Amino acid sequence: MAAAAPAQPAPAALAWLAAALAFQLSGLRLGGSHWSGNTQAWRTVARYTLPAVLALLLIAGLLGHWQLPGAQRAALYVPFVLLQQALLLGFLLPQSRRLAGAHGATLASALFALAHAPNFTLMCLTWLIGGRWIASYHRHRAWLPILVSHYILGLLAITCLPLGWLHSAEAGLRFFQVR
């Protein structure tokens, strides 16, 4: 059975993405953060990213599933990662901490997962890893290690998990179009 080709984004979707990214960047709370991070920030992120990578590769091997996302999708994923992390770390986390105090990180991770509804698999994965990204950000205040982790894990999830599990990583109304 041939694997379904990944959906190509419509030009209007790309315009909406650019507008959403610009909007997110306008309201971010980035005080005290920095871009690249030190060696410890990279080690912290590697401690949970590498086991997740191995788990995804093991699943792909056991299920015999390997579908590369293609150069266009890999390139277009960069702004999505930036937008999602800006949303998680720059907006959801500060607002959740303001509303829920000590439980703000848990609330932010849950809201981040909810943003991937109704894709249950993607919601579970983003809830688990979102909590790790928040903890790393809280400890090191470094963006690039988290962005790299998100990019690698997101593309590997698309590559390694069968379409029936991940539904091409679609969320919202597009989830029903891909199914």
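In this report, the structure presented in the accompanying data block is examined. Source: prediction; values computed, not measured.

Helix and strand counts for the chain stand at 8 helices and 0 strands. Counting from the amino terminus, the chain carries its helices and strands in the arrangement α-α-α-α-α-α-α-α. Taking all 179 residues of the chain together, 39% fall into the buried category. The long-range fraction of contacts in the chain, counting pairs at least 24 apart against all pairs at least 6 apart in sequence, stands at 78%. Here the chain has roughly 9800 Å² of accessible surface; of this, 71% comes from carbon and sulfur atoms.

Moving on, we get to the environment of L144. Mapped onto the elements, L144 comes out in helix α6 (residues 144–160). The exposure class assigned to L144 is partly exposed, which follows from its relative accessible area of 24%. The sequence separation of L144 and L82 amounts to 62 residues, and the corresponding C-alpha distance is 9.8 Å.

Right, let's get into the nonpolar core. Grouped together as the largest cluster of nonpolar side chains are 30 residues, with contacts concentrated most on L88, L89, W133 and I146. Listing elements by their share of this core, those giving two or more residues are α2 (39–63), α3 (71–100), α4 (104–114), α5 (120–140) and α6. No other element matches the 8 residues that α6 contributes to this core. Setting aside its immediate chain neighbours within four residues, L88 contacts L93, A108, F112, G130, W133 and I134.

What follows concerns the packing of α3 against α4. In the contact formed by α3 and α4, the axes pass within 8 Å of each other and the chain directions differ by 135°. The angle between α3 and α4 places the two elements in the oblique class. Taken as a pair, α3 and α4 cross one another with a handedness that is right-handed. Here α3 contributes Q84, L88, L92, L93, S96, R97 and A100 to the contact with α4, which in turn contributes G104, A105, L107, A108, L111 and F112. Residues of the contact of α3 with α4, tallied by class, amount to 9 nonpolar, 3 polar and 1 charged.

The rules we used
Per chain, the residues get numbers from 1 upward, laid out in the order the sequence is written. This being a predicted model, a pLDDT of at least 70 is required before a residue's local features are given, and a value of 80 or more before pairs of side-chain atoms are given or counted; all residues contribute to the totals for chains, interfaces and linings. Side-chain metrics rest on all non-hydrogen atoms present in the structure, leaving aside hydrogens and water. Numbering of helices and strands runs from the N terminus; a helix is a DSSP stretch of H or I covering at least four residues, while a strand is a stretch of E covering at least two. Residue burial is assigned from relative accessible area. The probe radius is 1.4 Å, only protein chains are included, and a residue is buried under 20% of its type maximum, exposed over 50%, and partly exposed in between. In this analysis, two residues are considered to be in contact whenever any of their non-hydrogen atoms come within 4.5 Å of each other. Using a 1.4 Å probe, the Shrake-Rupley method yields the accessible areas, and only the shown protein chains count as cover for residues. Residues belong to a common nonpolar core when they are buried Ala, Val, Leu, Ile, Met, Phe, Trp, Tyr or Cys residues joined through side-chain atoms within 4.5 Å. Structural elements are reduced to axes, namely lines fitted to C-alpha atoms, with helices fitted over the stretch in contact, and the angle between N-to-C directions of any two is expressed from 0 to 180 degrees. Geometric relationships in this document are graded by angle, where less than 35 degrees denotes roughly parallel, more than 145 denotes roughly antiparallel, 65 to 115 denotes roughly perpendicular, and other angles denote oblique. By definition, any crossing whose near helix is turned counterclockwise from its far helix by less than a right angle is left-handed, and any crossing with a clockwise turn is right-handed. Amino acids are sorted into nonpolar (Ala, Val, Leu, Ile, Met, Phe, Trp, Tyr, Cys and Pro), charged (Asp, Glu, Lys and Arg) and polar (every other residue, Gly among them).

Keep in mind these numbers describe shape, not what the thing actually does.
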